[in-house]
Amino acid sequence: KAQARGSLASPPPPPAGRPQPAMSAKQIEGSAAKPSFFSRVGASIATTARSNLRPGAGLYSLLFGAVAGVTISGVVYAGRTLQVLLFDHDYYKLQSRK
């Protein structure tokens, strides 16, 4: 009986003269290979980061505050620099006398 093209039937058995390869115990039981050390460490770091970097978590709040503080400090620094450059003419007078 001919099989239809593209069917998902199993391949034909090997010729009678060849011995079939022996299957290992892992293949028979279907157990997966143990993940490598680096994949386990990476998964652990990802899980920890995912659980601690959500709104409401302590680490998230600390990092949010640090980023907000650096941003505000940068805005203040830029504002003072512009104020000195554009409006503080006495600053230049004092600097030229030193």
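Since the model is a prediction, treat every value here as computed from it, not as a measurement. (Residues numbered from 1 in each chain as written. Predicted model: local features only at pLDDT ≥ 70, side-chain atom pairs only at ≥ 80, totals over all residues. Heavy atoms only, no water.)

Colleague: Lay out the overall build of the protein chain with the relevant residues and their values.
Modeller: The helix and strand tally for the protein chain stands at 4 helices and 0 strands. When burial is assessed residue by residue, the protein chain has 1% of its 98 residues classed as buried. Accessible surface computed for the protein chain: about 9300 Å², of which carbon and sulfur atoms make up 65%. (Helix = DSSP H or I, 4+ residues; strand = E, 2+ residues; numbered from the N terminus. Buried < 20%, exposed > 50% of the residue type's maximum accessible area, 1.4 Å probe, protein only. Areas by Shrake-Rupley, 256 points an atom, 1.4 Å probe, with all protein chains shown as cover.)

Colleague: If you had to explain the packing of helix H3 (residues 58-87) against helix H4 (residues 89-96) to someone new, which residues and values would you point to?
Modeller: Interaxial distance between H3 and H4 falls to 6 Å at its minimum, and their mutual angle equals 80°. Considered as vectors, H3 and H4 are oriented roughly perpendicular to each other. Contacts between H3 and H4 involve Val 84, Leu 85, Leu 86 and Phe 87 from the former and His 89, Tyr 91 and Tyr 92 from the latter. Its residues assigned to classes, the contact of H3 with H4 comprises 6 nonpolar, 1 polar and no charged. (Axes fitted to C-alpha atoms, helices over the stretch in contact; angles between N-to-C directions. Parallel < 35°, antiparallel > 145°, perpendicular 65-115°, else oblique. Contact = heavy atoms within 4.5 Å. Nonpolar A, V, L, I, M, F, W, Y, C, P; charged D, E, K, R; others polar.)

Colleague: Lay out the packing of aromatic side chains in plain terms, naming residues and giving numbers.
Modeller: Applying the stated criterion to the full structure yields 2 aromatic pairs. Between Phe 37 and Phe 38 the ring centres are 5.4 Å apart and the planes differ by 75°, which places this aromatic pair in the edge-to-face class. With centroids separated by 6.3 Å and ring planes inclined at 25°, the aromatic side chains of Tyr 60 and Phe 64 adopt a geometry described as stacked. Here Tyr 60 pairs with Phe 64, and both are found in helix H3, just 4 residues apart, close to one helical turn. (Phe/Tyr/Trp six-rings, centres within 6.5 Å; stacked < 30°, edge-to-face > 60°.)

Colleague: Describe a nonpolar patch on the surface, with residues and values.
Modeller: Together, Leu 82, Leu 85, Leu 86, Phe 87, Tyr 91 and Tyr 92 make up an exposed nonpolar region whose accessible area comes to about 650 Å². When contributions to the nonpolar patch are tallied by element, the ones reaching two or more residues are H3 and H4. If one sorts the elements of the nonpolar patch by residue count, H3 sits on top with 4 residues. Summarising the element assignment, Tyr 91 is placed in helix H4. Given the relative accessible area of 36%, Tyr 91 is considered partly exposed. (Patch = residues over 30% accessible without salt bridge, like charges linked within 9 Å, V, L, I, M, F, W, Y side chains within 5 Å. Salt bridge = Lys/Arg side-chain N within 4 Å of Asp/Glu carboxyl O.)

Colleague: Which residues make up the confidence of the model for the protein chain, and what values go with them?
Modeller: Mean pLDDT over the protein chain stands at 79; residues scoring 70 or higher make up 67%. Mean pLDDT values for the elements of the protein chain range from 62 in helix H1 (residues 25-29) up to 94 in H3. (pLDDT = per-residue confidence, 0-100.)

Colleague: Any chance you could break down the environment of Leu 59 for me, citing the residues and the numbers?
Modeller: Mapping Leu 59 onto the fold places it in helix H3. Overall, the relative accessible area of 41% leaves Leu 59 in the partly exposed class. Spatially, the C-alpha atom of Leu 59 lies 9.4 Å from that of Ala 49, the residues being 10 residues apart in sequence.

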